[in-house]
Amino acid sequence: MSYLDTTHDVYKEAALTPDVGLCCTTNPIWELPGLKIPKIMQEMNYGCGSTVNARDLTNNPKILYVGVGGGMELLQFSYFSRQKHGVIGVDVVEEMLEASRKNFKEAEAQNDWFNSDFVDLRYGDALNLPLEDNSVDVAAQNCLFNIFKEDDLKKAIEEMYRVLKPHGRLVMSDPTCEQPMNDNLRNDERLRALCLSGSLPIAEYVKALTDVGFGTIEIRARKPYRILDPKNYDTDELIYIESIEVAAIKDPMPKDGPCVFTGKAAIYFGDEDYFDDKKGHVLLKNQPIAVCDKTAGALADLGRDDIFISESTYHYDGGGCC
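It should be emphasised that the depicted structure is a prediction, and the values quoted were computed from it without experimental measurement.

Enquirer: Please clarify how the environment of Tyr225 should be interpreted in this entry.
Expert: Position of Tyr225 relative to the elements: it lies in strand 6 (residues 216-228). Taking relative accessible area as the criterion, Tyr225 reaches 8% and is therefore assigned buried. For the pair formed by Tyr225 and Ile241, sequence separation is 16 residues and the distance between their alpha carbons is 5.5 Å.

Enquirer: Sorry, what's going on with helix 4 (residues 94-110) here?
Expert: An α-helix turns once every 3.6 residues. As a result, residues three or four positions apart point the same way. Between its first and last C-alpha, helix 4 extends 25 Å over 17 residues, near the 24 Å set by a 1.5 Å rise per residue. Of the residues making up helix 4, those classed as buried are Met96, Leu97, Ala99, Ser100, Asn103, Phe104 and Ala107. The arc enclosing the buried residues of helix 4, seen along the axis, measures out at 155°, which places them on a common side. Every exposed residue of helix 4 that faces more than 90 degrees away from the buried side is listed here: Lys102, Lys105 and Ala109.

Enquirer: Explain the packing of helix 1 (residues 3-16) against helix 4 to me, please; I cannot follow it from the model alone.
Expert: Packed helices, taken two at a time, are described by their axes: the angle between them and the distance between them. Running from N to C, helix 1 and helix 4 cross one another at 25°; their axes reach a closest spacing of 8 Å. It follows from the interaxial angle that helix 1 and helix 4 lie roughly parallel. Crossing angle aside, the handedness with which helix 1 passes helix 4 is left-handed. For the pair helix 1 and helix 4, contact is made by Tyr11, Lys12, Ala14, Ala15 and Leu16 and by Glu95, Met96 and Ala99, respectively. Looking at the contact of helix 1 with helix 4 residue by residue, the classes come out as six nonpolar, no polar and two charged.

Enquirer: Is there a simple way to think about the sheet that holds strand 2 (residues 87-91) in this case?
Expert: Pairing between the strands of a sheet comes from backbone hydrogen bonds, and it takes one of two forms, parallel or antiparallel. Read from one edge to the other, the open sheet built from eight strands follows the order 3-2-1-4-5-7-6-8, with strand pairing classed as mixed. Only two strands of the sheet have a single partner each, and these edge strands are strand 3 (119-123) and strand 8 (259-261). For this sheet the average axis-to-axis angle between neighbouring strands, irrespective of direction, equals 20°. Sheet topology places strand 2 next to strand 3; five bridges connect them, and they run parallel. Note that in strand 3 the partner of Asp91 across the bridge is Tyr123. Across the sheet, helix 3 (residues 72-80) is in contact with strand 1 (63-66), strand 2, strand 3 and strand 4 (136-142); its angle to strand 2 comes to roughly 165°.

Enquirer: Sorry if this is basic, but what is going on with helix 5 (residues 150-163) here?
Expert: A rise of 1.5 Å per residue sets the reference length of helix 5, with its 14 residues, at 20 Å; its end C-alpha atoms lie 21 Å apart and thus fit the reference within 8%. All of the buried residues in helix 5 are Leu153, Ala156, Ile157, Glu159, Met160 and Val163. Down the axis of helix 5, the buried set is contained in an arc of 155°. They therefore lie on one face. Pointing more than 90 degrees away from the buried face of helix 5 are the exposed residues Glu150 and Asp151.

Enquirer: Got a minute to help me understand the sheet that holds strand 9 (residues 264-268) in this structure?
Expert: Read across the sheet, three strands follow the order 12-9-13 without closing on themselves; strand pairing throughout is antiparallel. Because the sheet does not close on itself, it has two edges, and the strands there are strand 12 (289-291) and strand 13 (307-309). Ignoring strand direction, the axes of neighbouring strands in this sheet form an average angle of 30°. Here three bridges tie strand 9 to strand 13, and the two strands are oriented antiparallel to one another.

Enquirer: Explanation requested: unusual backbone geometry in the structure shown.
Expert: Peptide bonds are mostly trans, and most non-glycine residues show a negative phi. Positive phi is not limited to glycine here, since Lys278 has a value of about 65°. Checked against the element boundaries, Lys278 lands in the loop between strand 10 (274-276) and strand 11 (282-284). One non-glycine residue, Asn286, lies in the positive phi region at around 60°. Classification of Asn286 by relative accessible area gives partly exposed; the value is 47%.

Enquirer: Got a minute to help me understand the side chain of Asp229 in this structure?
Expert: Structurally, Asp229 can be placed in the loop between strand 6 and strand 7 (239-249). Despite its burial, Asp229 remains without a salt bridge, the nearest opposite charge being carried by Lys231 at 6.5 Å. Within the local environment of Asp229, its side chain forms a polar contact with the backbone nitrogen of Lys231, the two atoms lying 3.0 Å apart.

The rules we used
- Residues numbered from 1 in each chain as written.
- Predicted model: local features only at pLDDT ≥ 70, side-chain atom pairs only at ≥ 80, totals over all residues.
- Heavy atoms only, no water.
- Helix = DSSP H or I, 4+ residues; strand = E, 2+ residues; numbered from the N terminus.
- Buried < 20%, exposed > 50% of the residue type's maximum accessible area, 1.4 Å probe, protein only.
- Expected span 1.5 Å × (residues − 1).
- Arc of directions from axis to C-beta.
- Axes fitted to C-alpha atoms, helices over the stretch in contact; angles between N-to-C directions.
- Parallel < 35°, antiparallel > 145°, perpendicular 65-115°, else oblique.
- Left-handed = near helix turned anticlockwise from the far one by under 90°.
- Contact = heavy atoms within 4.5 Å.
- Nonpolar A, V, L, I, M, F, W, Y, C, P; charged D, E, K, R; others polar.
- Pairing = 2+ DSSP bridges.
- Lys, Arg positive; Asp, Glu negative; His and termini not counted.
- Salt bridge = Lys/Arg side-chain N within 4 Å of Asp/Glu carboxyl O.
- Polar contact = N/O pair within 3.5 Å; in protein donor to acceptor, adjacent residues only side chain to side chain.

What follows is the structure, encoded as structure tokens:
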């Protein structure tokens, strides 16, 4: 039995018997006018963050969500795309699809604007998505990609890239870990299925996205997630795991490499009203501007004493240099 079979069994069990503690998310439930999320959906919130961001969801986008859970994020996405089959939910666990269908009936009873027809639930595999090329505006997954081993992760990202329209967005939340994990943890199939031992360092996670071709990466949040401690896990030291929220945009790859936003900002404080680097970046005096890591490095290399570059905050909310 492969690690993917173990993962299937874990989430089949979670579909049949909701497990509130399966994924330890600290994200609050969205509070939006007229949106009521059934309790059962909250209990089946098997994510480590949120992939729903209003600025990604204008003009009734076509949305794909892979790994449906109890349907909570599908309902949230439907709030912004109120059209028949405006949201596509794909899952390889039949029992999870059936649980979501049942939960949508409860959502209909609590939300007069919602119709189950807004969501098209499909049986399918993240490694072979049942969608046409260039067919969705936004694709999302929450606490799924970290489960995959390297080759499968590459295939899953390639599939998301394939189905996204040009300039479409892949929005994700996944656990990450900067500390090394031993092979016993990495090879523990259940811990991997529970979104713990497959966690990658942020740099590796980002590289997996840019290697497939995403030209712009936005790291939008970085939050505490879990601890693997020596008393309860096969490790000699305490391992700290965080969750990150990331958007990968299907922009053309720049000739000088991807634009990766990790929450850096540049502030010009010189004698002029502004500074223009003649490469498309204009810094108004004493006005911070978000910059990608590539631009931050180029500005720092100028050696000026009137430009301040902040450290990465790992929080980016739009705008900026590129």
